[in-house]
Amino acid sequence: MPFSQNVHLKVNDSWCSFRYQEAHLRREQEERHLRANDREFNLSYEYADNAIKTSKYNIFTFLPLNLFEQFQRLANAYFLFLLCLQLIPEISSLSWFTTVVPLVLVLSMTMAKDGSDDINRHRCDRQVNNRKVEVLIDGESEKWMDVQVGDIIKLENNQFVTVRLEISSSFSVFLILPSSSFRETNLKVKQALTVTGELEDCIEKLANFNGEVRCEPPNNRLDKFTGTLTLKGEMYSLDNERVLLRGCTLRNTQWCFGLVVFGGPDTKLMQNCGKTTLKRTSIDRLMNVLVLSIFGFLAVMCLILAVGNGIWEYQEGSKFAAFLPKQEGVNAPFSAFLTFWSVHFTYYPVIHCNCISVVEIIRLGNSFYIDWDRKMYYPKSDTPAEARTTTLNEELGQIKYIFSDKTGTLTQNIMTFNKCSINGKSYGEALSLKTEKVDFSWNNLADPKFCFHDHSLVEVVREGNPEVQAFFRLLALCHTVMPEEKKEGELYYQAQSPDEGALVTAARNFGFVFRSRTPESITVVEMGELVTYELLAVLDFNNVRKRMSVIVRSPEGKLTLYCKGADTIIFERLNPSCSKLKEVTTEHLNEYAGDGLRTLALAYKDIDPKYMEEWKLRHHEASTAMDEREEKLDALYEEIEKGLLLLGSTAVEDKLQDGVPQTIEQLSKADIKIWVLTGDKQETAENIGYSCNMLREEMTEVFIVKGTCKRISLSLTRTARRKMRPDGPEEPTVTKSRSGLFCLLKTETVADEPVDGEYAMVINGHSLAFALEKDMEMELLRTACMCQTVICCRVTPLQKAQVVELVKKYKQAITLAIGDGANDVSMIKAAHIGVGISGQEGMQAVLSSDFSFAQFRYLQRLLLVHGRWSYLRMCKFLRYFFYKNFTFTFVHFWYGFFCGFSAQTVYDEWFITLYNLVYTALPVLALSLFDQDVNDRWSFQYPKLYAPGQLNQYFSKRAFVYTVLHSGYSSLVLFFIPWAAMYDTVRDDGKDIVDYQSFALLAQTCLLILGLDTHYWTSVNQFFLWGSLCVYFAVIFTMYSNGMFLIFTSSFPFIGTARNSLNQPNVWLTMLLTSILCVLPVVAYRFLRILLWPTVNDKVLPPAPRRVQARRTSTRRSGYAFSHAQGYGDLVTSGRFLRWTPKSRPALFSQTDSPLAQTQPQFYRTINEGGEPPLSP
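All residue numbers refer to position in the chain's written sequence, counted from 1. Since the coordinates come from a predicted model, pLDDT governs what is reported: local features require at least 70, and pairs of side-chain atoms require 80 or more to be given and counted, while whole-chain, interface and lining totals use all residues. With hydrogens and water excluded, all non-hydrogen atoms of the structure serve as input to the side-chain values.

## A look at the packing of aromatic side chains
Thought 1: Two aromatic rings from Phe, Tyr or Trp, using only the six-membered ring of Trp, form a pair when their centres are within 6.5 Å; if the ring planes differ by under 30 degrees the pair is stacked, by over 60 it is edge-to-face, and anything between is tilted. For the coordinates displayed, the defined rule picks out 45 aromatic pairs.
Thought 2: Among the aromatic residues, those joined into a ring-pair cluster are Phe 297, Phe 877, Phe 881, Phe 882, Phe 886, Phe 890, Phe 893, Trp 894, Phe 897, Phe 901, Phe 955 and Phe 960.
Thought 3: Here the guanidinium or amino end of Arg 32 rests over the ring plane of Tyr 47, the centre of that ring lying 4.0 Å away.
Thought 4: Positioned above the aromatic ring of Tyr 493, the side-chain terminus of Arg 508 is 5.6 Å from the ring centre. A positively charged side chain is recorded as over a ring if its NZ (Lys) or CZ (Arg) lies within 6 Å of the ring centre. The angle to the ring normal must also be within 35 degrees.

Below you can see the structure in the form of structure tokens.
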């Protein structure tokens, strides 16, 4: 399915757009069996057709389904409950519109948004399903939705793949552009089986093709496919390189015929778009608890008034029977029962349904700020920052732990060949800083961009040293790089990993030029001589093998296996005769590790031809096996990759991204702990840690946990913990509690243990595997959380997720994971916040993330600026929302004591209806969208300002209680001051003052408090604030005017109330007095707090001077970082290649728009101790 037209997916939807209706109804398949060109046979299995449905509703289900989803929210359900109660006249104390108007307005807004999204989905479905494709069965074009499993279809250049295909006939090798829904930009190479490739484009042969395919059932694994093709009694292996996925685009190939294997919801693309796990913020979870608590609190208030009403009716009710006659059968207890339900209508604004809508608007606005931030735009790759979800913005201001990948995240993932060790001699050291670059002009095919400073290596190559030439011959043959030659001598390499591209380019410049390849051969120009090697087998790379090999036959008939991989893996498979060379090479690896270089070891082996023939037969059997195919192939690879002869090692440099050390320093000052989870060797990761200021020489101690067994790992971890806290308890302090709705969720929290000094821990993969076991995980957690920095090396993608889950489970802290590759996806999904880097390894991490950008340095702006502001704004909104609504409710509660504990309201019905929707909505919204306590420059200068979010100080259960108490005080002032001022008061002319509207001062006072607490005034704030006051006065004068009385006499009976009350000086003086009494305690408290108990925001201390870090040298062992993906082994059997050049789109901003236009790192001035503080913003 092509996704060049957006399908309008939203990662913040709890319900995913994709639905698999027919697929879910069919029985689960264990194996798929189909026959080409035989629809009758294939239809008997009831496989899904190729129609897709991404829409959520249809014209009949939209209204009921959407309403059902909306009423799952507690606030909406509560309003619906009140509406049902209003249908009972005996308990309805307000008109129907007071509940219906706000409920319908909120439901309509949400319904309009959901409907618009679904219309776009329907439009896209129709566009996709109605596309045309040529089907061989009738020779005509058919719609995508009519294609069936087993059909043979024809694709042409630049055409989308409509279904999942097994390639039947094409050029021997061709290029595809992966689905735009996965945002891959580099071309992938696919090839047909030789037996089907011979069919070419002969329609007669294709029509007679009757091969049968048996393969795995539908699943969501994009990197794996297992199947076999049976044709004329012969069985052929099918794997991921023989398959085209739906959504890919055919490039640089005239045509391709394919056999449909999966259709519609069974395709891998659709299987990968299943239900998305909804991430909720801590504030969301707290709000659910608070809403239930408010329900209970309201019930208690209603019960108090009900009991009071029953007592009042029993003692005083008979005195009012003359003008308030009771209905027959209504006694005091029954009156109390009716009062209990009637009071709910008066108190409903405390949980107003528009709260959810406003929260979504605030989050959407803060997401736009991230998208529009030019300081997070990377002009080199034309990549802006993107908020891929709108539900997690405020959680960016509460991050305590960051889990980061290394390669491509902290580093650039752009490799340069720096050094190498060949036959015991190290090359690559420059004699001095002024050493000139090596002149490669003798090589016409050399890459002019390649830079090397050791002239001695070129000399030994040109002298014909056999070991050196074998070294570079291996680099030219053992890889999966794809060449392209646009002009004679202008070679371009398309490498799936930067490591391979750097190594093949190095071999090219030193005289061993990888020129071209065919399905059975590789052509290399060796020192000017064209040599063609026959390619017999490719032993593919995977994360377990950590190596790859090729077996080739030279023109002289000699069989050789060339292998490259992790030094530890290669050394285990060396011939014993290489022991001395291994020792010398190990020393060189240690030197390279001190420079933080990424290394590989190279080895080879001559193979006996007879053994090779027997091995190839067993290889064919294993490659066509349906069960345990990978295990059988791995066993064969292990068998042949023994007794290797060591050639040497390579060292490539992966430079740090700009601004990484400064970013890590800023985040550390904000008390954010950074853990690096990398697949590199310990030594390489450790040296990168020193380079980017995570590890520092002045740290108290850096613990190295490098155990080979569980006992040693436990001992090292425990020793580190005891050194950091000698007096600490042996057992952790675990607090067990319950949380969530109805306290159903059990939680265990491990208390933080303070330490003196700064510590760091580096743990290798073996020790981490032991430490993550159940009986040892608590020791790992305690020790690691005492450290400022933790580096975990040689970790698998699963272990990355396990580390994140461990911290989430026991620390109850907000976590963030950041990475750039597919191996980081599990970690990104496990963390509370996932951040993807759009770098050199595709877009898998970005597609699984919540936020994305191009450079690690933008993380400090995302957290310290946008995260802080989002958290602050959301907390202010919630506090003021509850403040104004509780104040509104409490006024009614006090009034109940003066009206026989009845449900009589203080305000008129229209004021109650418009209070949350008009009078107080916009000022709160403006505050929540634009407020800033400090500007972005101050946020960087004083990272400690980030601390309140980590401690959840701005909105918590305690802050909620304080807000309720504040509301109680304000309600007392707002009720009793006007009541006392107007009691027995007369006008200037001696008439009574109609004081019914005087209590409406509540709206103005709440607005005044809002104005007081706004730090960052904008024209929008001013307009909304004063505009709401003007609207309020305009409405009350209109509603109580003569005209409204004449038109709607029964609805607006209080003619002249507003003008009669508001033209009296004592009314305005009462307003002033009430406002002063409401505001004065707030001002006094804040003055005393700043004077006596200042917070971090009140006293912003200048940060310490920037430390000048001296360059560190090390002789630690180098680390392996073989950036390679499984499944590219067969791709080396390629034919013609063309490099696809993506169309460049115009830059989002001009080069002068952003300080990052020159891709310079962000630096922020620090204030020296004792200097003058900056001026208040």
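## Focus: the pairing of strand 21 (residues 521-526)
Thought 1: In terms of residue burial, strand 21 counts as a mostly covered element, since six of its six residues are buried.
Thought 2: Think of it in three bands: with a 1.4 Å probe and only protein chains considered, a residue is buried below 20% of the maximum accessible area for its type, exposed above 50%, and partly exposed in between. Note on conventions: DSSP H or I runs of at least 4 residues are helices, E runs of at least 2 residues are strands, and numbering of each starts at the N terminus. Here strand 21 shows no split at all, with Ser 521, Thr 523 and Val 525 on one side and Ile 522, Val 524 and Glu 526 on the other all buried.
Thought 3: Two strands form a pair only when DSSP identifies at least two bridges running between them. Note: strand 20 (residues 512-518) against strand 21, six bridges, orientation antiparallel. By the bridge assignment, Arg 517 is partnered in strand 21 with Ile 522.
Thought 4: As paired elements, strand 21 and strand 22 (residues 529-539) share six bridges and run antiparallel to each other. Each residue of the ladder has a partner; that of Ile 522, found in strand 22, is Tyr 533.
Thought 5: Turn length for the strand 21-strand 22 hairpin, with the two strands adjacent in sequence and antiparallel, is two residues, and the turn residue Met 527 shows positive phi of about 50°.

## As for the UniProt feature "binding site: Mg(2+)" (unreviewed entry) in the chain
Thought 1: Those places that UniProt annotates as "binding site: Mg(2+)" (unreviewed entry) correspond, in this numbering, to Asp 405, Thr 407, Asp 820 and Asp 824. Spanning 420 residues, the named residues form one tight spatial group whose C-alpha atoms are at most 10.7 Å apart.
Thought 2: With respect to the helices and strands, Thr 407 occurs in the loop between strand 15 (399-404) and strand 16 (411-422).
Thought 3: Among the structural elements, Asp 820 can be located in the loop between strand 33 (814-819) and helix 25 (825-830).
Thought 4: A relative accessible area of 0% means that Asp 820 is categorised as buried. UniProt positions are given in the numbering used here, feature names are shortened, and annotations may be inferred rather than shown by experiment.

## What about the sheet that holds strand 10 (residues 234-238)?
Thought 1: The strand order 1-8-9-10 describes an open sheet built from four strands, whose pairing is antiparallel. Taken across any chain shown, the strands that pair with only one partner, and hence form the sheet edges, are strand 1 (32-35) and strand 10. Taking each pair of neighbouring strands and ignoring which way they run, the sheet shows an average axis angle of 20°.
Thought 2: As paired elements, strand 8 (residues 212-215) and strand 9 (residues 227-231) share four bridges and run antiparallel to each other. Bridged to Val 213 within strand 9 is Leu 229. In this analysis an axis means a line fitted to C-alpha atoms, helices contributing only their contacting stretch, and an angle means the value between N-to-C directions, from 0 to 180 degrees.

## Structural notes on the sheet that holds strand 14 (residues 386-387)
Backbone-to-backbone hydrogen bonds join strands into a sheet, with any given pair of strands oriented parallel or antiparallel.
Thought 1: An order of 14-35-34-33-15-27-32-31-28 is seen for the nine strands of this open sheet, with the pairing classed as mixed. What marks the edges here is a single partner per strand, and that holds for strand 14 and strand 28 (701-705).
Thought 2: Sheet analysis places strand 31 (residues 759-763) next to strand 32 (residues 789-792), joined by four bridges and oriented parallel. Note that in strand 32 the partner of Met 761 across the bridge is Val 790.
Thought 3: Residues are treated as being in contact if the distance between any of their heavy atoms lies within 4.5 Å. Sitting on the sheet, helix 20 (residues 682-691) is in contact with strand 28, strand 31 and strand 32, with an inclination near 165° to strand 28.

## As for helix 13 (residues 466-477)
Thought 1: For helix 13, spanning twelve residues, the distance from its first C-alpha to its last is 16 Å, which sits close to the expected 16 Å at 1.5 Å a residue.
Thought 2: With ten of twelve residues buried, helix 13 lies mostly within the body of the structure.
Thought 3: Those residues of helix 13 that sit buried are Val 468, Gln 469, Ala 470, Phe 471, Phe 472, Arg 473, Leu 474, Leu 475, Ala 476 and Leu 477.
Thought 4: Side-chain atoms alone can form a polar contact between residues adjacent in sequence; in general such a contact is a pair of N or O atoms within 3.5 Å, and within protein one must be able to donate a hydrogen while the other accepts it. Sitting at the amino-terminal end of helix 13 is Asn 465, which places a side-chain oxygen 3.1 Å from the backbone nitrogen of Glu 467. To estimate how far a helix should reach, multiply one less than its number of residues by 1.5 Å.

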